[in-house]
Amino acid sequence: WKIDWSSPESLYNWYSRFDLKCEASWRISLIPTCYFIGQALVVWWMPRLSDKFGRKFVVQLSAILCSILYTVMLLTYNQNVLMAVLLLFGMTMPLQFTIGYIYLLELMPE
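Below: a short report on this structure. Predicted model only: the values in this text are computed from it and were never measured.

1. Section: the overall build of the protein chain
- When its secondary structure is counted, the protein chain shows five helices and zero strands.
- Here the C-alpha atoms of the protein chain give a radius of gyration of 18 Å, more than 25% beyond the 13 Å that 2.2 N^0.38 yields for 110 residues.
- Principal-axis analysis of the C-alpha atoms gives the protein chain an extent of 60 × 30 × 20 Å.
- Split into buried and exposed, the 110 residues of the protein chain put 29% on the buried side.
- Residue pairs in contact within the protein chain that sit at least 24 positions apart in sequence constitute 71% of those at least 6 positions apart.
- Per element, the accessible surface of the protein chain, about 7900 Å² overall, is 67% carbon and sulfur.
- Positive and negative charge centroids in the protein chain, built from 8 and 7 side chains respectively, lie 9 Å apart.

Below is the structure:
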């Protein structure tokens, strides 16, 4: 089948961008799963970095990495690159949410 691009209801999304209509279902579901695999890989040991290197440095590094990963995610047309970026993006989430929350609490006056 082909997408009718002349229709106003046609969407250009990841499904068409990465040509997923002929992919196996496990491969399609692996794309968003990479994000959660990345979180699971680092949630136990990554927050320890903030105690070693300082919370401000770790939160800033995470923000820079996420900006780079967002840019790569927007520019890529390769499924494998997308999955690698989502895996790395998932690895930065414990830094942003867990450590970022504690860092913001430390900045609050008493």
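2. Overview of the nonpolar core
- The biggest cluster of nonpolar side chains holds 14 residues, and the ones touching the most others in it are Ile31, Met73, Leu82, Leu86, Phe89 and Met93.
- Tallying contributions element by element places helix 5 (residues 79–107) first for this core, with six residues.
- Discounting chain neighbours no more than four positions away, the residues touching Leu86 are Trp14, Ile31, Cys34, Tyr35 and Met73.
- One finds Val42, Met46, Val58 and Leu95 within the second-largest nonpolar core, a separate group that totals five residues.

3. With respect to the layout of surface pockets
- Approximately 200 Å³ is the volume attributed to the largest pocket.
- Together, 13 residues line the largest pocket, and Met46, Leu61, Leu65, Thr92 and Leu95 are the ones closest to its centre.
- Contributing elements (two or more residues each) for the lining of the largest pocket: helix 3 (48–53), helix 4 (55–75) and helix 5.
- Looking at which element gives the most residues to the lining of the largest pocket, the answer is helix 4, with six residues.
- For the lining of the largest pocket, a count of residues per class yields 12 nonpolar, one polar and no charged.

4. What to know about the pattern of salt bridges
- All told, the structure shown has four salt bridges when counted by the stated rule.
- The salt bridge partner of Arg27 is Glu23, with a shortest N-O separation of 3.8 Å.
- In this structure, Asp51 engages Arg55 in a salt bridge whose closest nitrogen and oxygen atoms are separated by 3.4 Å.
- By relative accessible area, which is 47% here, Asp51 ends up partly exposed.
- The class of Arg55 is partly exposed, set by a relative accessible area of 23%.
- Connected through shared salt-bridge partners, Arg48, Asp51, Arg55 and Glu106 make up one network.

Scoring rules and cut-offs
- Residues numbered from 1 in each chain as written.
- Predicted model: local features only at pLDDT ≥ 70, side-chain atom pairs only at ≥ 80, totals over all residues.
- Heavy atoms only, no water.
- Helix = DSSP H or I, 4+ residues; strand = E, 2+ residues; numbered from the N terminus.
- Rg over C-alpha atoms; globule rule 2.2 N^0.38 Å.
- Buried < 20%, exposed > 50% of the residue type's maximum accessible area, 1.4 Å probe, protein only.
- Contact = heavy atoms within 4.5 Å.
- Areas by Shrake-Rupley, 256 points an atom, 1.4 Å probe, with all protein chains shown as cover.
- Lys, Arg positive; Asp, Glu negative; His and termini not counted.
- Charge placed at Lys NZ, Arg CZ, Asp CG, Glu CD.
- Core = buried A, V, L, I, M, F, W, Y, C linked by side-chain atoms within 4.5 Å.
- 1 Å grid on protein atoms, 1.4 Å probe; cavity = no way out; pocket = protein on both sides within 12 Å on 5 of 7 lines; lining within 4 Å.
- Points joined across faces, edges and corners; volume = space filled by probe spheres on them.
- Nonpolar A, V, L, I, M, F, W, Y, C, P; charged D, E, K, R; others polar.
- Salt bridge = Lys/Arg side-chain N within 4 Å of Asp/Glu carboxyl O.

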